[in-house]
Amino acid sequence: MNLLITGAGGQGIILASDTIGETALAAGYDVKKTDTIGMAQRGGSVLSHMRFAEKVWSPLIREGDVDLLIALEKLEAARWASYLRPGGIAIVNNHALPPLSVSLGNARYPTDEEIRSVLEQITDRVYFINGTDRAKELGNIRALNILILGCASHFMPFRVSTWKESIANRLPEKVRKINLTAFDRGRKEIQGVRISKS
Amino acid sequence: MSVMKRLLSGNEALALGAYHAGVRVAAAYPGTPSTEILEAIARFDDVYAEWSTNEKVAMEVVLGASYAGVRALASMKQVGLNVASDPFMAASTTGIDGGLVVICADDPGVHSSQGEQDNRHYARLAKVPVLEPGDSQEAYDFMAHAFDLSEQFDTPVMLRTTTRISHSKTVVDVRRSRKLPDRQPSFKYNAAKYVMLPAHARIRHPLMEERLVKLTEYAETCPLNQVVQGNKKLGIVTSGIAYQYAREVFPEASFLKLGMTYPLPRNLLHHFAKQVEKLLVVEELDPFLQENMQAMGIEVIGKEFIPRVGELNPDIIYEAGRKAGLLPDSPRRKTETGIELPRRPPLLCPGCPHTGVFFVLSSIGQRARLAKAKDKTLADSPLIITGDIGCYTLGAYPPLLAMDTCACMGASIGEALGMEKANVGKKVVAVIGDSTFLHSGITGLIDGVYNNSKITLVILDNGTTAMTGHQEHPGTGISVQGKEAHKVALEHLIRGIGVSDVRVVNAFDMKELRRSVRSALDSPELSVVIVRGNCAVRVPKRGEPRAIDMENCNLCGTCLLLGCSAIQRTDEQLYIEPSLCVGDTCAVCQQICPKQAIGPQSKINQLK
């Protein structure tokens, strides 16, 4: 299975993809994952390729081979949409972090319709999640990544207990509980989201 | 020890491999993508690990440790080896005692470097073997081979990784545990080997040539070079990450995967070439394998189809295979988004201590411009700003536009000096970070003092090596293990070499910054301004966020010229995103707003 996890620097993309990797390893798969992290802390686009199968060769996924695209920011979902395979799944956090060029008036942030149409050219399985709002309700916006992971977990062949073990292993004590709650909240959230067609 | 499966990055695997191979001394200077290797080694109590002042010093430290008979490791990014090349060449000439491995991490695709270079050429130049792992398992396994090879052939061994190997996580069977050689550290006096007077160096050179012949013989049966039997139509010679891509794109082909890419196994290559109808070399960057094979008289294709620029990936290799007539036309569709998406380049963080001084330099240099301002080119700027390597290089981007050059570590000072001495006709200011200054800026400054320069040097002292992920350095007074160490105080160092005009300024006090930079620029002598403020990522507590009072704001856009990503615009409204603003510790925007429309959130009624 081929996954792309994307968003803006500081949103916790690497931690999310590490957690998927540990879960897949625990479930007995060969795993390869690769991140662009050179300057991630400084707010740039972040992209993580994540693959698990019987045997994986390349850590980089070919364009058009992604089964599941997870985007913590919606502009980034549109940016990597072309990597999705027809009929693949996109889980998009319905939240905009406008790049500086937009604030400076040198560029335009795409409209929701544009983002939707870019994705729906390729697949009709697009889920928009109000993840940022849900994470705020839980009291910690930083749990957004694990909440979205909860949504995505529906489409991966791992037990909930395996997921929770790797989340607990990966996170320090003081934020463990909130993240486990966020994971559950995400699992519940996606069941209520309908695939919307324009 | 039982086999344990772990998901490790290439860098973590290299560190663990070195630890299990009995490394006793490790040294490095941080540099993407190699940084995490030393960080991981430093977690082991029974290894001496240090952040060195620069890569040259790191190489000399491990060379000394090797002379003392222990296994030693230096790690660095590709351009780090440029800095360390002098002792690296010397290490090859003298040979070693304890196993000596040099990890150099190339960066195809220039993810985070000032250039793209293929460091395999250094192996040829230095006449040392180079090993190239293709995933974390090999990174772990090759490390033990590298140390053995080093001791067996009396040579430093280069272990070349790339960004994709270093930063990918793959599954590792951890098969070994730490094994230390019985030998106690000791230095065996041997002037003909260790004292490179010309008379001795003349003795060493033929020994190096002999060593290379022996290594070439060894390469023929080296277990790191492996043949994968596939069909006879296509044979592929490849190494490192390129092997993984090629395996995926050509599942039917036969492979000769080279784990040791210098020196090359002549007979093995000829033999493999004879077994297949067509021979393709898949390698990243330069045609290193290809040209060596062609020099052996082997007919081969490669760089005619595979780009020598940038990072490879399976799509690029598929396209190359198609062009070479080895693969069918791809049925894959290419989706066009149909809209132009704004890029999201990395930026200085909200609360960054570099923003204020760049804004000052940008204002004095008449660089930062409001969107409505008429176009002037930077050629009109009364100031030339030579820059250096670190997060602060991002100050070159709009809107700040506060940097005119960035070549390599420490170059800002020498460049400023050269421009001044060339009578460039404008005031020249050099900008460098604290870690970079200690790495290789100090020698440039000594040159300026000695040669009566009048440039201004601005040192951006954020108390860390921020770009590579916050490593300590001599100016922080903390070791790689997080323990207290002797602290080198920049102002004492600089006064000590003879600079008398030295100012230390708070990075967040705009009035003081403006005054200090102006008077330093007007100074009749060499002047240094140390701008001190903690890296925003390391400030433990955020203060009260700032907000914009839209009743007073006239949308002049001055605050936007800071390039702070917390200050955002929607339609005809400016606001500060409270989750991004660091608040009280910064408040730079509040100090520069001409309408005094920015203040603490609790006192302002921000519209959004």
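Figured I'd write up the structure that's included with this text. The structure displayed is predicted, hence computed values, not measured ones.

Here's the deal with the nonpolar core
Phase 1 of the analysis: Of all hydrophobic cores here, the largest spans 159 residues; its most connected members are Ala26, Ile41 and Val62 of chain B.
Phase 2 of the analysis: Discounting chain neighbours no more than four positions away, the residues touching Val62 of chain B are Val25, Ala27, Ala72, Leu73, Ala74 and Leu100 of chain B.
Phase 3 of the analysis: Core analysis: the second largest hydrophobic core is formed by 77 residues, Leu104 of chain A together with Leu348, Leu526 and Ala536 of chain B among them.

Quick look at the pairing of strand S5 (residues 84-93) of chain A
Within a regular strand, the side chains alternate between the two sheet faces.
Residues and elements named next belong to chain A.
Phase 1 of the analysis: With respect to burial, S5 is a largely interior element, 7 of its 10 residues being buried.
Phase 2 of the analysis: As paired strands, strand S4 (residues 66-71) and S5 are joined by 5 bridges and run parallel to one another. Its bridge partner being in S5, Leu68 is matched across the sheet by Ile89.
Phase 3 of the analysis: With 5 bridges connecting them, S5 and strand S6 (residues 125-129) associate as parallel partners. Within the sheet, the bridge partner assigned to Ile91 lies in S6 and is Tyr127.

Observations regarding the interface of chain B and chain A
Phase 1 of the analysis: On the side of chain A, 49 residues touch chain B, which itself brings 44 residues to the contact.
Phase 2 of the analysis: Elements supplying a minimum of two residues to the side of chain B that touches chain A: strand S1 (4-9), helix H7 (163-167), strand S8 (168-174), helix H10 (240-249), helix H13 (314-323) and strand S20 (567-570) of chain B.
Phase 3 of the analysis: For the side of chain B that touches chain A, the residue count by class is 18 nonpolar, 14 polar and 12 charged.
Phase 4 of the analysis: Relative to S8 of chain B, strand S2 (residues 30-35) of chain A runs antiparallel, the two being bridged by 3 bridges.

Observations concerning the sheet that holds strand S11 (residues 254-257) of chain B
Strand pairing in a sheet is mediated by backbone hydrogen bonds. Such pairs are either parallel or antiparallel.
All names here are of chain B.
Phase 1 of the analysis: If you walk across this open sheet you meet the 4 strands as S9-S11-S10-S13, and the pairing is mixed. In this open sheet, the two strands that pair with only one neighbour each are strand S9 (226-228) and strand S13 (278-282). On average, each strand axis in the sheet is tilted by 20° relative to the strand beside it, whichever way the strands run.
Phase 2 of the analysis: Sheet analysis places S9 next to S11, joined by 3 bridges and oriented antiparallel. In the sheet register, Gln226 faces S11, and the bridge partner there is Lys257.
Phase 3 of the analysis: Sheet contacts for H10: strand S10 (234-238), S11 and S13; angle to S10, the most-contacted strand, approximately 160°.

Quick word on the environment of Arg71 of chain B
Residues and elements named next belong to chain B.
Phase 1 of the analysis: Looking at the element boundaries, Arg71 is found in the loop between helix H3 (55-67) and strand S4 (72-77).
Phase 2 of the analysis: Sequence separation of Arg71 and Thr94 is 23 residues, and the distance between their C-alpha atoms is 16 Å.
Phase 3 of the analysis: Contacts of Arg71, omitting those with residues within four sequence positions, involve Ala21, Gly22, Val23, Arg24, Gly98, Gly99 and Phe147.

Some remarks on the packing of helix H14 (residues 355-364) of chain B against helix H18 (residues 510-522) of chain B
In a packed pair of helices, the relevant descriptors are the angle between the two axes and the axis-to-axis distance.
All names here are of chain B.
Phase 1 of the analysis: Between H14 and H18, the least distance of the axes is 10 Å, while the angle of their chain directions is 50°. Considering the angle they form, H14 stands oblique to H18. Handedness of the H14/H18 crossing: right-handed. Residue-level inspection shows Gly356, Val357, Val360, Leu361 and Ile364 of H14 in contact with H18, the latter providing Met510, Leu513, Arg514, Val517 and Arg518.

Things to note about unusual backbone geometry
Peptide bonds are, in most cases, trans, and in most cases residues other than glycine have a negative phi.
Residue and element names in this part refer to chain B.
Phase 1 of the analysis: The omega angle of the peptide bond from Thr32 to Pro33 is 5°, so this bond is cis rather than trans.
Phase 2 of the analysis: Structurally, Pro33 can be placed in the loop between strand S2 (25-28) and helix H2 (35-41).
Phase 3 of the analysis: Residues Pro398 and Pro399 are joined by a peptide bond in cis, for which omega reads 5°.
Phase 4 of the analysis: The phi dihedral of Leu401 is positive, around 50°, even though this residue is not glycine.
Phase 5 of the analysis: Structurally, Leu401 can be placed in the loop between strand S14 (383-386) and helix H15 (411-421).

Quick notes on the environment of Cys151 of chain A
Phase 1 of the analysis: Tracing the sequence through the fold places Cys151 of chain A in helix H6 (residues 144-152).
Phase 2 of the analysis: Residues in contact with Cys151 of chain A, not counting those within four places in the same chain, are Ile91, Tyr127, Ile129, Gly186, Glu189 and Ile190 of chain A.

As for the packing of H15 of chain B against helix H16 (residues 434-450) of chain B
Residue and element names in this part refer to chain B.
Phase 1 of the analysis: Following both chains from N to C, one finds H15 and H16 inclined at 25°, their axes separated by 7 Å at the closest point. Taken together, the axes of H15 and H16 lie roughly parallel to each other. Residues Ile413, Gly414 and Leu417 of H15 form the contact with H16, whose participating residues are Gly441, Gly444, Leu445, Asp447 and Gly448.

Topic: the pairing of strand S7 (residues 157-162) of chain B
Residues and elements named next belong to chain B.
Phase 1 of the analysis: Along S7, 6 of the 6 residues are buried, which leaves the element largely enclosed by surrounding structure.
Phase 2 of the analysis: Where burial is concerned, the two faces of S7 agree: the one with Val157, Leu159 and Thr161 and the one with Met158, Arg160 and Thr162 are both buried.
Phase 3 of the analysis: Summarising the sheet, strand S5 (residues 100-106) and S7 pair through 6 bridges and their orientation is parallel. Its bridge partner lying in S7, Asp106 is registered against Thr162.
Phase 4 of the analysis: With 2 bridges joining them, strand S6 (residues 130-131) and S7 adopt parallel strand pairing.

Some details on the sheet that holds S2 of chain A
Phase 1 of the analysis: The strand order S6(A)-S5(A)-S4(A)-S1(A)-S3(A)-S2(A)-S8(B)-S1(B) describes an open sheet built from 8 strands, whose pairing is mixed. Taken across any chain shown, the strands that pair with only one partner, and hence form the sheet edges, are S6 of chain A together with S1 of chain B. With strand direction ignored, the average angle separating the axes of adjacent strands in the sheet is 20°.
Phase 2 of the analysis: In this structure, S1 of chain B lies alongside S8 of chain B, joined through 6 bridges in antiparallel fashion.

Looking at helix H5 (residues 131-138) of chain A
Residue and element names in this part refer to chain A.
Phase 1 of the analysis: Among the residues making up H5, those that are buried are Gly131, Thr132, Arg134 and Ala135. For H5, the angular spread of the buried residues around the axis is 160°, confining them to a single face.
Phase 2 of the analysis: On its buried side, H5 packs onto S5, S6, H6 and helix H8 (173-191).
Phase 3 of the analysis: Positive phi shows up at Gly139, right after H5, with a value of about 100°.

Conventions we followed
- Numbering of residues starts from 1 in every chain and runs along the sequence as written.
- Key to labels: chains lettered from A, ligands numbered from 1, both in the order written.
- For this predicted model, a pLDDT threshold of at least 70 governs which residues receive local features, and a threshold of 80 or more governs which side-chain atom pairs are given and counted, while totals over whole chains, interfaces and linings are taken from all residues.
- The term nonpolar core refers to a group of buried residues, namely Ala, Val, Leu, Ile, Met, Phe, Trp, Tyr and Cys, whose C-beta atoms join them within 7 Å.
- Every C-beta atom is placed from the backbone, and the number of other C-beta atoms within 10 Å of a residue's own sets its class: buried at 20 or more, exposed at 12 or fewer, partly exposed in between.
- Whether two residues are in contact is decided by their C-beta atoms, placed from the backbone, lying within 7 Å.
- Numbering goes from the N terminus for both helices and strands, where a helix is a DSSP run of H or I of at least four residues and a strand is a run of E of at least two.
- In this description, strands pair whenever DSSP reports at least two bridges between them.
- All amino acids are sorted into three groups, where Ala, Val, Leu, Ile, Met, Phe, Trp, Tyr, Cys and Pro are nonpolar, Asp, Glu, Lys and Arg are charged, and the leftover types, Gly among them, are polar.
- Only C-alpha atoms enter the line fits that serve as axes; for helices the fit covers just the stretch in contact. Angles between N-to-C directions range over 0 to 180 degrees.
- Here the word oblique covers every angle except those under 35 degrees (roughly parallel), over 145 (roughly antiparallel) and from 65 to 115 (roughly perpendicular).
- Handedness of a helix crossing follows the sense of rotation of the near helix relative to the far helix, less than a right angle counterclockwise being left-handed and clockwise being right-handed.
- The arc in question is traced by the directions running from the helix axis to the C-beta atoms.

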